[in-house]
Amino acid sequence: MNKIKIAVQKSGRLNEDSLQLLKDCGISIDNGKDQLKASASNFPLEVLYLRNGDIPQYLRDGVVDIAIIGENVLIEKGEDISIVERLGFSKCRVSLAVPKEVKYTSIKDLDGMRIATSYPNTVINYFKKFNVTPDIHLINGSVEIAPNIGLADAICDIVSSGSTLFKNNLKEVEKMLTSEAVLAVSPNISSENQKILDKLQFRIQAVLKGRKSKYVLMNAPNNKVESIIKLLPGMRSPTVLPLAEPGWSSIHTVVEKNSFWEVIDELKANGAEGLLVVPIEKMVL
Ligand SMILES: Nc1ncnc2c1ncn2[C@@H]1O[C@H](COP(=O)(O)OP(=O)(O)OP(=O)(O)O)[C@@H](O)[C@H]1O
Ligand SMILES: O=P(O)(O)OC[C@H]1O[C@H](OP(=O)(O)OP(=O)(O)O)[C@H](O)[C@@H]1O
Ligand SMILES: [Mg+2]
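Keep in mind the model is a prediction, meaning the values are calculated, not measured.

A.B. asks: Describe the overall build of the chain, naming the residues involved and giving the relevant values.
C.D. replies: Along its length, the chain carries 8 helices and 15 strands. For a compact globule of 285 residues, the expected C-alpha radius of gyration is about 19 Å, and the chain comes in at 24 Å, more than 25% above that figure. Along the first, second and third principal axes, the C-alpha set of the chain runs to 75 × 55 × 35 Å. By residue count, 45% of the 285 residues in the chain fall in the buried class.

A.B. asks: Kindly report on the site of ligand 2, identifying the contributing residues and their values.
C.D. replies: The local shell around ligand 2 consists of Arg13, Glu144, Asp157, Ile158, Val159, Ser160, Ser161, Gly162, Ser163 and Thr164. Interatomic distance of 2.7 Å between a side-chain N/O atom of Arg13 and an oxygen atom of ligand 2. Contact with the protein chains hides 62% of the accessible area of ligand 2, taken as 510 Å² for the molecule alone. Counting only elements with at least two residues in the shell around ligand 2, the list comes to β9 (154-159) and α5 (163-167).

A.B. asks: Explain the site of ligand 1 to me, and be specific about the residues and the numbers.
C.D. replies: Not every one of the 16 residues close to ligand 1 is listed here, only the nearest: Gln9, Arg13, Arg51, Asn52 and Asn72. Arg13 places a main-chain nitrogen or oxygen 2.7 Å from an oxygen atom of ligand 1. In the environment of ligand 1, an oxygen atom lies 2.8 Å from a nitrogen or oxygen atom belonging to the backbone of Asn52. If ligand 1 stood free it would expose 620 Å²; the protein chains cover 78% of that surface. Looking at the shell around ligand 1, you find at least three residues from each of domain 1 (4-90 + 180-189) and domain 2 (92-179).

A.B. asks: Just give me the short version of the pattern of salt bridges, but keep the residues and values in it.
C.D. replies: Under the defined criterion, the tally for this structure stands at 7 salt bridges. Where Arg211 meets Asp24, a salt bridge forms, and the shortest distance between an N and an O atom there is 2.9 Å. Remark: Asp24 occurs in helix α1 (residues 15-24) and Arg211 occurs in helix α6 (residues 191-212); sequence separation between them is 187 residues. Classification of Asp24 as partly exposed rests on a relative accessible area of 24%. Residues participating in the shared-partner salt-bridge network are Glu71, Arg86 and Glu180.

A.B. asks: I'd like a rundown of the state of the cysteines, residues and numbers included.
C.D. replies: Within this structure, the stated rule accounts for 0 disulfides. In this structure Cys92 is not part of a disulfide, and its nearest cysteine sulfur, from Cys156, lies 11 Å away. In this structure Cys92 comes out as buried when scored by relative accessible area, which is 16%.

A.B. asks: Can you tell me about the UniProt feature "domain: ATP phosphoribosyltransferase catalytic" (unreviewed entry) in the chain, naming the residues and giving the values?
C.D. replies: As annotated by UniProt and renumbered to match this structure, "domain: ATP phosphoribosyltransferase catalytic" (unreviewed entry) occupies residues 51-205. Helix makes up 28% of residues 51-205 and strand makes up 30%, while its end C-alpha atoms are separated by 25 Å.

A.B. asks: Outline the packing of α1 against α6, listing residues and values.
C.D. replies: Direction vectors running N to C along α1 and α6 enclose 105°, while the axes themselves pass 9 Å from each other. Between α1 and α6, the angle is such that the two are roughly perpendicular. Across the interface between the two elements, Gln20, Leu21, Leu22 and Asp24 of α1 pack against Leu200, Ile204, Val207, Leu208 and Arg211 of α6. Of the residues contributing to the contact of α1 with α6, the split by class is 6 nonpolar, 1 polar and 2 charged.

A.B. asks: Describe the sheet that holds strand β13 (residues 239-242), with residues and values.
C.D. replies: Taken in spatial order, the 4 strands of this open sheet run β13-β14-β12-β15, and their pairing is antiparallel. Edge positions in the open sheet fall to β13 and β15 (273-279), since each of these has one partner strand only. Averaged over all adjacent pairs, the angle separating strand axes in this sheet is 20°, with direction ignored. Across the sheet, α6 lies against β12 (213-221) and β14 (248-256), angled at about 45° from β12, the strand it touches most.

A.B. asks: Go over the sheet that holds strand β7 (residues 114-117) with me, naming the residues and quoting the values.
C.D. replies: Strand order in this open sheet of 5 strands is β8-β7-β9-β6-β10, and the pairing throughout is mixed. The sheet terminates laterally at β8 (135-138) and β10 (170-179), the two strands that pair on one side only. Between one strand and the next, the sheet's axes are offset by a mean angle of 25°, whatever the strand orientation.

A.B. asks: How would you sum up α1? Please name residues and give values.
C.D. replies: Along α1, the positions that sit buried rather than exposed are Asn15, Ser18, Leu19, Leu21 and Leu22. Across the axial projection of α1, the buried residues extend over an arc of 155°, all falling on one side. Exposed and oriented more than 90 degrees from the buried face of α1 are Glu16 and Lys23. Buried residues belonging to α1 abut β1 (4-9), β3 (45-50), β4 (66-70) and α6. Where α1 terminates, the next one or two residues include Gly26, which has phi positive at roughly 80°.

Scoring rules and cut-offs
- Residues numbered from 1 in each chain as written.
- Chains lettered and ligands numbered in written order.
- Predicted model: local features only at pLDDT ≥ 70, side-chain atom pairs only at ≥ 80, totals over all residues.
- Heavy atoms only, no water.
- Helix = DSSP H or I, 4+ residues; strand = E, 2+ residues; numbered from the N terminus.
- Rg over C-alpha atoms; globule rule 2.2 N^0.38 Å.
- Buried < 20%, exposed > 50% of the residue type's maximum accessible area, 1.4 Å probe, protein only.
- Near = heavy atom within 4 Å.
- Polar contact = N/O pair within 3.5 Å; in protein donor to acceptor, adjacent residues only side chain to side chain.
- Areas by Shrake-Rupley, 256 points an atom, 1.4 Å probe, with all protein chains shown as cover.
- Domains from an automatic or database assignment.
- Salt bridge = Lys/Arg side-chain N within 4 Å of Asp/Glu carboxyl O.
- Disulfide = S-S within 2.5 Å.
- UniProt positions renumbered as here; feature names shortened; annotations may be inferred.
- Axes fitted to C-alpha atoms, helices over the stretch in contact; angles between N-to-C directions.
- Parallel < 35°, antiparallel > 145°, perpendicular 65-115°, else oblique.
- Contact = heavy atoms within 4.5 Å.
- Nonpolar A, V, L, I, M, F, W, Y, C, P; charged D, E, K, R; others polar.
- Pairing = 2+ DSSP bridges.
- Arc of directions from axis to C-beta.

Shown next, in the form of structure tokens:
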């Protein structure tokens, strides 16, 4: 049977969440440790474990049909490859940083300066917009150490919490781009595999929507139900069921994860009690 080939990062920041996403889509992968290739037992899919940085080329060559990859890597070396889904994890930014003690006023300060980075194209393209020319020093890892050992005047690297910059006595001076894990597709995908991709995307969307929402249940006296319903942002209309105790109802609805906290005080003030917030596994609208 024909199978779609998906590239997943072999090890690193994307690996675990990528495999969890496939699992949440109901896809079981036999995961022998140190295997470079694995097949799903209940979906026409084959996983290839690859380096994140190598994936754009594999997509271009059609070695894989789709991939879960850091968006920043596509910006660096895969501008020709399309993104079909934003996956909401491995969120970070790519930034410029200089030693804390350096007085930084604008990007012009970096004209001709040595910039250590693993993302040369990103730096060059960003600097071009300001007519500034950097002196790029390509480094593959531990970029943040470069200024401290006299290898560079500034760095461009991934920042998330900022703790690596802090530990290395650096300060972030320009946020160049933001990134998250994305589902990317090969320009050469066959129509057969495109059909499998459509099925996979349908599942992914259901999982991602579920992750963004919560199922909320609460009890309230019947005469308060109307005012409570007005407060609830629901999918269509909340469900109202009678409780065994006369004069009381149970109200059920789906709300966006964060919006729940915005209305909880008002719900309580309007007589809601026994509130339960339950995760949603999948959601199809
Ligand atoms: N600290 C971080 N917080 C959130 N996301 C991050 C962080 N560091 C990296 N990422 C994201 O995860 C991706 C993979 O990062 P990771 O450091 O695991 O591998 P890599 O060195 O880029 O790739 P390779 O697999 O080629 O070794 C990055 O491209 C970026 O999108
Ligand atoms: O702002 P922070 O939360 O400190 O995260 C940023 C750091 O995370 C990444 O490195 P990673 O830990 O993936 O190590 P690596 O150099 O082995 O890729 C990135 O290259 C930064 O160094
Ligand atoms: Mg890294």
